[in-house]
Each structure stands twice: as structure tokens, then as C-alpha cells.
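Chain by chain, the residues run as shown.
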Amino acid sequence: MNRTTLGLIVIFVVIVGLVLLIEYVPDKNFSQRFHTLSLAIDSEAYEIAHMEYAKIRDTWGRKKFLYGLENSVERIEEIDLTLERLGFYLSSRDRTNALLETKLLAFHWRQLAE
């Protein structure tokens, strides 16, 4: 077996491993954070909402590349844009739109699993 073939096999195994990791190690905390964020926004506890938003944004920043390997660029961009809008609405304390963006973010997150 030459080095090129061996290199291709290693790359294939790494990619398959990453896909399996994404599929079979669900992030339950990520989904729970959407619920906590919704409750905080609904009760107008914006300090808690900002903390949960920061955790979601940071987690997404770390996982975005891995999810990008399996999903379309459009789905990744939808989550990025929704996070940006949510951050704006939280900063302006716009309860209605922040709740809407949180629900939309949860919807996009569920679409990644499909």
C-alpha cells in the first residue's frame, strides 16, 4: 500500500468518525439552553438571558465546523444570522422578537439533526 492510499484512508476514517460523533453524541445541554433562554426572556430576566445566549453562541462557535461537514452552508448561515439577531434583540431588551428568534434558533437546531 503506498502513502497516498494510506493517507486517503486516514482522511476517510477521520471524516466518518467526526460524522458519527455528531450523530451519536447529541448535545442535550444545547437544547436545554434554548428552553432556559426562552424562560429568562419571557420573565424579562435579561442578565440570565445574556448569560445563556453567550453560552449558546460559544458552544455554537466551537461546533459549527463539525456541523458544517455534514450540513449545507445555508443551514449554518441561518443559525449564524439568527444568533446575531437574537443578540441584538437581547441588547435592546425586545422581548417579543427575542422570543421569536429563540424559537427560530431551536427550529434551525432541530433541522441540523435531520
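Here's a quick rundown of the structure. As the structure is a prediction and not an experimental result, all values here were calculated from the model. (Residues numbered from 1 in each chain as written. Predicted model: local features only at pLDDT ≥ 70, side-chain atom pairs only at ≥ 80, totals over all residues. Heavy atoms only, no water.)

## Focus: the overall build of the protein
Quick note on the threshold: Numbering of helices and strands runs from the N terminus; a helix is a DSSP stretch of H or I covering at least four residues, while a strand is a stretch of E covering at least two. Relative accessibility thresholds used throughout: buried, under 20% of the residue-type maximum; exposed, over 50%; partly exposed, between the two (1.4 Å probe, protein chains only). Throughout, a contact is declared for two residues whenever any of their heavy atoms are within 4.5 Å.
Helix and strand content of the protein: 5 helices and 0 strands. In the protein, the succession of helices and strands from N to C terminus is α-α-α-α-α. Burial analysis of the protein (114 residues in total) assigns 32% to the buried set. Counted over contacts in the protein with a minimum sequence separation of 6, partners at least 24 positions apart contribute 65%.

## Re the environment of alanine 106
By secondary structure assignment, the location of alanine 106 is in helix H5 (residues 95-113). Here alanine 106 falls in the buried class, since its relative accessible area comes to 13%. Separated by 76 residues in the primary sequence, alanine 106 and phenylalanine 30 place their C-alpha atoms 9.4 Å from one another.

## Points about the nonpolar core
Using the following cut-off: The set of buried Ala, Val, Leu, Ile, Met, Phe, Trp, Tyr and Cys residues whose side-chain atoms join them within 4.5 Å is what this entry labels a nonpolar core.
The biggest cluster of nonpolar side chains holds 23 residues, and the ones touching the most others in it are Leu37, Ile41, Trp60, Leu86 and Leu90. Elements with a minimum of two residues in this core: helix H2 (28-42), helix H3 (46-70), helix H4 (73-91) and H5. Not counting the four nearest positions on each side in its chain, isoleucine 41 is found in contact with Ala49, Leu86, Leu90, Arg95, Ala98, Leu99 and Thr102.

## So, H4
Stated precisely, the cut-off is as follows: To estimate how far a helix should reach, multiply one less than its number of residues by 1.5 Å. Note: the arc covers the axis-to-C-beta directions of the helix.
If you check H4, its first and last C-alpha atoms are 27 Å apart, about what 19 residues at 1.5 Å a residue would give, namely 27 Å. Among all positions in H4, only Ile76, Ile79, Thr82, Leu83, Leu86, Gly87, Tyr89 and Leu90 are buried. Projection of H4 onto a plane perpendicular to its axis shows the buried side chains occupying an angular sector of 165°, all on one side. In H4, those exposed residues whose orientation departs by more than 90 degrees from the buried face are Val73, Glu74, Leu81, Glu84, Phe88 and Ser91. Following H4 by one or two positions, arginine 93 adopts a phi angle in the positive range, close to 55°.

## What to know about the environment of histidine 108
Structurally, histidine 108 can be placed in helix H5. Assessed through its relative accessible area of 9%, histidine 108 is described here as buried. For the pair histidine 108 and isoleucine 79, spaced 29 residues apart in sequence, the C-alpha separation works out to 6.3 Å. Setting aside residues up to four positions removed in sequence, histidine 108 forms contacts with Glu78, Ile79 and Thr82.

## Let's talk about the packing of aromatic side chains
In plain terms, the rule: Between rings of Phe, Tyr and Trp, where Trp is taken as its six-membered ring, a pair exists when centres lie within 6.5 Å; planes separated by under 30 degrees are stacked, by over 60 edge-to-face, and by other angles tilted.
Inspection of every chain in the model, using the stated rule, returns 3 aromatic pairs. Judged by centre distance (6.5 Å) and plane angle (65°), the rings of phenylalanine 34 and tryptophan 109 are edge-to-face. A residue pair is termed long-range when its members are at least 10 positions apart, and phenylalanine 34 in helix H2 and tryptophan 109 in helix H5 qualify at 75 residues. For the pair phenylalanine 34 and tryptophan 109, one class covers both residues: buried. With a centroid separation of 6.4 Å and an interplanar angle of 85°, the aromatic rings of tryptophan 60 and tryptophan 109 are classed as edge-to-face. Taken together, the residues span a long stretch of sequence, with tryptophan 60 in helix H3 and tryptophan 109 in helix H5 at a distance of 49 residues.

## Digging into a nonpolar patch on the surface
Counted only if it meets this: Patches here are clusters of residues that have more than 30% relative accessible area and form no salt bridge, with a 9 Å joining cutoff for like charges and a 5 Å cutoff for nonpolar side chains (Val, Leu, Ile, Met, Phe, Trp, Tyr). Each accessible area is a Shrake-Rupley estimate made with a 1.4 Å probe; only the visible protein chains count as cover when residues are assessed. Only one rule defines a salt bridge in this text: a Lys or Arg side-chain nitrogen within 4 Å of an Asp or Glu carboxyl oxygen.
Taken together, Ile9, Phe12, Val13 and Val16 make up a surface patch of nonpolar side chains, about 360 Å² in accessible area. Within the element layout of this structure, valine 13 appears in helix H1 (residues 3-24).

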